[in-house]
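Residue-level listing of the chains:
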Amino acid sequence: MTRKKVKLAYITNDSARKATFKKRKKGLMKKVSELSTLCGIDACAILYSPYDSQPEVWPSPLGVQRVLAHFKKMPEMEQSKKMVNQESFLRQRIAKGNEQLKKQRKDNREKEITQVMYQSLTGKGLQNLNIVDLNDLGWMIDQNLKDIHKRIESLNKEAQSQAAAAAAAAAGQLIKTGGKVQEEKPAFDSMDAIQRQQWFVDLVNPNEQMGFAGDDMMLPFGDNNHNALWPNGFFP
Amino acid sequence: MVKKPSKGRQKIEISKIPKKNHLQVTFSKRRSGLFKKASELCTLCGANVAIIVFSPAGKVFSFGHPDVESIVDRFFTCNPMPEPNGLHLIEAHRNASVRELNLQLTQVLNQLEAEKKRGEILSQMRRAGQTQCWWEAPINELSMPELEQLKVSMEELKKVVLRQGDKLLMEAANPSPFYMINGSSAMVDPIEIERKPSEIHGNVHNFGYGQGFF
C-alpha cells in the first residue's frame, strides 16, 4: 500500500490509470459492502469504466434493481435533497474545510496571544507588536483579570462560609459545654473567625509591594488615566 | 482534556453495529468517505459512477458522476453508449470546473493541516511553560496569594499595553519629520491603521499638536 499523496487529476499514463482503476474499484465496492453491513442499510453502486461497456455493480444486478426501485418510489424532493455530483460534493467539502480552517485559526490566534501575554509578563518587550496585536493582547489580559477576580471572589465566599460554619459550630459548642448559662457569642467574636478574616484582609491589601516570583516585574509607571475599553472585535 | 482514542486504524468486525449512536456516527463518516472515494475514482480514472445509500433513518443519499439520474437511466436502458456527442461540451466544462474545485479543496486541506500543526506546537509551548512557571497554570489551580500576585502583575501589564498602544497611534497620526529625512517612511502608514481612539482610551489629546513634534 503506497502512502504517497496522489494528485487529484486524471492519470494520463494508461497503464498506471488502469492499475489504479482496478485497485480503487475493488476498494470502493468493499467500502459499500462494509457500510451496508455495519449499519444495516440498503445500498448499491453502479460503475461504468472506459474499459467495459457493461457496468460493474454492487451487490448484484438484481440487488441494484431492488434498491433503485426503492429509490424511485421516494418523492422527487427526497431523492434530490441529498443528491450530489462531483461539483456539489466538492463545494460541500470545500465549505466544510473553510469552516474548520477558520476555527483552527481562531484557536491558534488565542493560543498565540496567550503565549505573548505570558512572555511579556516576564519582561519581554512589546515593541514587535502592532496595534492589532496590542488590542488582542489587551483583550486577553482583561479576560484573565475577569477570571482571576471571579476565582478570588469564589475562594473568599468559600472561606467566609467555612469561617461562619466553624464559628457557628464553636458557638454551638460554647452553649453546649457550659453547665451554667453561658452567653451566646455571636459568630464575630469567635477568635477563629476573626483570625481568618484578618488573614484575607492582609492578603488583599494592595499596598503591599509583591514581588513576582523572583523576577523583577514591577516596572515603575506613571499614573495613567485610561478607561480601557477593548473593542469586541478580537476575533475577526 | 484527554480525548478518547478513536477506533480508526483498528480492525473492526464487519457485522451490524449494536449501539445506535455508534451506528449513526459510523454511517455518517463512512458515507462521506465512500463518496470521497467514488469522487476520486472518477477524477483519477475517468469513470462514471452512481452510489445510492439509505440512512438508518430512511433518508436517501446519492452520489453520481456525471450525475445520478443519467447513470441510473443508462443502467435501466442497458445502453452501452454513453450520452450523445452534443453533451461533450457540457461535460468538458464540468470537468474543468471539477479540476478547479479539486485544486481549491487541496489548497484548503493543506492550509488546515498546516494550522493544525501550528496549533500542536503552540499547545506544546503552553504545556512546557506550565511546568516551568507557576503563573501559567490554570487559574483554578492557583492559591490565593498567587492569584493576588498574578492580578497585580496583569494590571501592570495592561498599563504597559495601553501606553504602547497610545504610542503607536500617535506615531501613526503624526508621522515624525525624522522619518521623512531618511527618505524611507515605510514604517509610518498613518491612513492604514484604523483609529478608534474613543474605544481604546478616553484621553486623546495629541491631535492638536500639528505635524511633527510630540
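Residues numbered from 1 in each chain as written. Chains lettered and ligands numbered in written order. Predicted model: local features only at pLDDT ≥ 70, side-chain atom pairs only at ≥ 80, totals over all residues. Heavy atoms only, no water.

## Let's talk about the sheet that holds strand β2 (residues 52-58) of chain A
With mixed pairing, five strands are arranged side by side in an open sheet as β2(A)-β1(A)-β1(B)-β2(B)-β3(A). The sheet terminates laterally at β2 and β3 (83-85) of chain A, the two strands that pair on one side only. Strand-to-strand twist across the sheet, computed as the mean angle between neighbouring axes with direction ignored, equals 10°. As paired strands, strand β1 (residues 43-49) of chain A and β2 of chain A are joined by four bridges and run antiparallel to one another. Note on β2 of chain A: the bridge partner recorded for Leu47 of chain A is Glu56 of chain A. Running at roughly 100° to β3 of chain A, helix α4 (residues 86-121) of chain A makes contact with β3 of chain A together with β2 (60-65) of chain B of the sheet. (Pairing = 2+ DSSP bridges. Helix = DSSP H or I, 4+ residues; strand = E, 2+ residues; numbered from the N terminus. Axes fitted to C-alpha atoms, helices over the stretch in contact; angles between N-to-C directions. Contact = heavy atoms within 4.5 Å.)

## Let's talk about the interface of chain A and chain B
At the junction of the two partners, chain A supplies 110 residues and chain B supplies 108 residues. The junction of chain A with chain B conceals about 10,600 Å² of combined surface from both sides, 70% of it contributed by carbon and sulfur atoms. When residues of chain A are sorted by the area they lose upon contact with chain B, Leu38, Tyr48 and Gln86 of chain A head the list and together hold 8% of the total. Counting across the chain A and chain B interface gives seven salt bridges. Note that Lys72 of chain A is salt-bridged to Glu69 of chain B, the shortest N-O span being 3.3 Å. In this assembly, chain A and chain B are joined by 26 residue pairs in polar contact (both at pLDDT 80 or more). By residue number, the principal contributor to the side of chain A that touches chain B is α4 of chain A, which donates 22 residues. Counted by class, the side of chain A that touches chain B contains 60 nonpolar, 29 polar and 21 charged residues. (Buried area = accessible area lost by both parts, 1.4 Å probe. Salt bridge = Lys/Arg side-chain N within 4 Å of Asp/Glu carboxyl O. Polar contact = N/O pair within 3.5 Å; in protein donor to acceptor, adjacent residues only side chain to side chain. Nonpolar A, V, L, I, M, F, W, Y, C, P; charged D, E, K, R; others polar.)

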